[in-house]
Amino acid sequence: MPSEKSPQQLHVTIRGRVQGVFFRAWTQETAVKLGLTGWVKNLRDGKVEVLSQGKKETLEKFLSECRKGPPAAHVEEIEHEYEKIETVYPTFEIRF
């Protein structure tokens, strides 16, 4: 079990009005402000997928922010799980 201070990975799927409302750009900006790395992308089914890496306490703050989203978004449901880090990401990017 990783310690609270060791890097962890959070995988999130967000459903609602989350595409076409600058959700990816907002997610990237929020993650960078918190010092997280990883990526965000739109899914074909209308959801947004996020993979972020950092300290668990910071990831919990990020998850809380993702539950709200940017002003134009409406988050209906969020699924998340902590995973084993397989690839370390140096930055937080928007994927297409």
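The rules behind the values
Residues numbered from 1 in each chain as written. Predicted model: local features only at pLDDT ≥ 70, side-chain atom pairs only at ≥ 80, totals over all residues. Heavy atoms only, no water. Pairing = 2+ DSSP bridges. Helix = DSSP H or I, 4+ residues; strand = E, 2+ residues; numbered from the N terminus. Axes fitted to C-alpha atoms, helices over the stretch in contact; angles between N-to-C directions. Contact = heavy atoms within 4.5 Å. Salt bridge = Lys/Arg side-chain N within 4 Å of Asp/Glu carboxyl O. Buried < 20%, exposed > 50% of the residue type's maximum accessible area, 1.4 Å probe, protein only. Phe/Tyr/Trp six-rings, centres within 6.5 Å; stacked < 30°, edge-to-face > 60°.

Before going further, it helps to spend a moment on the sheet that holds strand β3 (residues 48-54). One open sheet holds the five strands; their spatial order is β4-β1-β3-β2-β5, and the pairing between them is mixed. In this open sheet, the two edge strands, each paired with only one partner strand, are β4 (74-83) and β5 (92-95). With direction set aside, neighbouring strand axes in the sheet form an average angle of 15°. In terms of strand pairing, strand β1 (residues 8-17) meets β3 through seven bridges, oriented antiparallel. Following the sheet pairing, Ile-14 is matched in β3 by Val-48. With respect to the sheet, helix α1 (residues 23-34) is in contact with β1, β2 (37-42), β3, β4 and β5, its orientation differing from that of β5 by roughly 170°. Of the strands in this sheet, β1, β3, β4 and β5 touch helix α2 (residues 56-68), which is tilted by about 160° from β4.

Moving on, we get to the pattern of salt bridges. One pass over the full model with this rule turns up eight salt bridges. Between Glu-49 and Lys-41 there is a salt bridge; the shortest N-O distance is 3.8 Å. Residue Lys-41 is classed as partly exposed on the basis of its relative accessible area, which comes to 26%. For Lys-61, the salt bridge identified is with Glu-57, shortest N-O distance 3.9 Å.

For the coordinates displayed, the defined rule picks out two aromatic pairs. Here Phe-62 and Phe-92 contribute two aromatic rings whose centre-to-centre distance is 6.3 Å and whose plane-to-plane angle is 70°, an arrangement assigned as edge-to-face. Residue Phe-62 is found in helix α2, and its partner Phe-92 is found in strand β5; the two are separated by 30 residues along the sequence. On the accessibility criterion, Phe-92 (5% relative accessible area) is buried.

This paragraph deals with the environment of Asn-42. The topology assignment puts Asn-42 in strand β2. Asn-42 gets classed as partly exposed once you look at its relative accessible area, which sits at 27%. Between the C-alpha atom of Asn-42 and that of Ala-72, which follows or precedes it by 30 residues, the distance is 16 Å. Excluding residues that lie within four positions of it along the chain, Asn-42 makes contacts with Val-18, Gln-19, Arg-24, Lys-47 and Val-48.

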